[in-house]
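# Observations on the three-dimensional arrangement
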Amino acid sequence: MAEQILWINTLLAVISGVALVVVPKPIASLLGLPHVDQRFYPRMLGITLLALACAIFTEGYGRNGLGIEGMAVINLVSGGALIVLLLFGGLVLAKRGRWLLRGLALTWLALGGLALISS
């Protein structure tokens, strides 16, 4: 089960990372995320997600590296931080953006919890 969770995490990171790097403004607008005047920050998020996917792919399979425990910690911290940001960050978002971020936070927390259970 741990390997399937790593594959799901890697796939989600690659898809969202590529979308944010290639078309950051339309993706942010489509998802209802805050509007930015520059493409820098959405692209940096996309690059970070791609780097994370690469780390999972290269270190998570058959080596002593990031693996399932490291991915669990990343997911739990990311999900928790996003929840705190949604509760106390004063973000002005469209409803679909707020729901997207809530879903993302819950997905990260669920994947992190499953990863801890399976390890």
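Source: prediction; values computed, not measured. (Residues numbered from 1 in each chain as written. Predicted model: local features only at pLDDT ≥ 70, side-chain atom pairs only at ≥ 80, totals over all residues. Heavy atoms only, no water.)

Okay, the packing of aromatic side chains next. Here the structure, examined in full by the defined rule, presents zero aromatic pairs. Positioned above the aromatic ring of tryptophan 99 is the side chain of arginine 102, whose terminal nitrogen or guanidinium carbon lies 4.6 Å from the ring centre. (Phe/Tyr/Trp six-rings, centres within 6.5 Å; stacked < 30°, edge-to-face > 60°. Lys NZ or Arg CZ within 6 Å of the ring centre and 35° of its normal.)

Further remarks concern helix H5 (residues 95-118). With 24 residues, H5 should reach 34 Å at 1.5 Å per residue; the first-to-last C-alpha distance of 34 Å fits that figure. Of all the positions in H5, only Gly97, Leu101, Ala105, Leu111, Gly112 and Ala115 are classed as buried. Buried residues along H5 sit against helix H1 (2-22), helix H2 (24-31) and helix H4 (67-88). (Helix = DSSP H or I, 4+ residues; strand = E, 2+ residues; numbered from the N terminus. Expected span 1.5 Å × (residues − 1). Buried < 20%, exposed > 50% of the residue type's maximum accessible area, 1.4 Å probe, protein only. Contact = heavy atoms within 4.5 Å.)

Structurally, the position occupied by leucine 116 is in helix H5. The sequence separation of leucine 116 and isoleucine 68 amounts to 48 residues, and the corresponding C-alpha distance is 7.6 Å. Beyond its immediate chain neighbours, meaning those up to four positions away, leucine 116 contacts Ala72 and Leu76.

Our next topic: the nonpolar core. Among the nonpolar cores identified, the biggest contains eight residues, and these are Ile5, Leu6, Ile56, Ile68, Met71, Ala72, Leu111 and Ala115. Where this core is concerned, the elements lending two or more residues are H1, H4 and H5. Looking at which element gives the most residues to this core, the answer is H4, with three residues. Setting aside residues no more than four positions away along its own chain, isoleucine 68 makes contact with Ala2, Ile5, Leu6, Ala115, Ser118 and Ser119. (Core = buried A, V, L, I, M, F, W, Y, C linked by side-chain atoms within 4.5 Å.)

Attention shifts here to the side chain of asparagine 75. Residue placement: asparagine 75 occurs in helix H4. Take asparagine 75: its relative accessible area is 2%, and that puts it in the buried class. Beyond its immediate sequence surroundings of up to four residues, asparagine 75 is in contact with Asn9, Trp108, Leu109, Leu111 and Gly112.

Our next topic: the packing of H1 against H5. At their nearest, the axes of H1 and H5 sit 9 Å apart, and the two run at 155° to each other. Between H1 and H5, the crossing angle belongs to the class labelled roughly antiparallel. The interaxial crossing formed by H1 with H5 has left-handed handedness. Between H1 and H5, the residues in contact are Ala2, Ile5, Ile8, Asn9 and Leu12 and Leu111, Leu114, Ala115 and Ser118, respectively. Across the contact of H1 with H5, the residue classes tally to seven nonpolar, two polar and no charged. (Axes fitted to C-alpha atoms, helices over the stretch in contact; angles between N-to-C directions. Parallel < 35°, antiparallel > 145°, perpendicular 65-115°, else oblique. Left-handed = near helix turned anticlockwise from the far one by under 90°. Nonpolar A, V, L, I, M, F, W, Y, C, P; charged D, E, K, R; others polar.)

Such coordinate-based values are descriptive only and should not be taken to indicate function.
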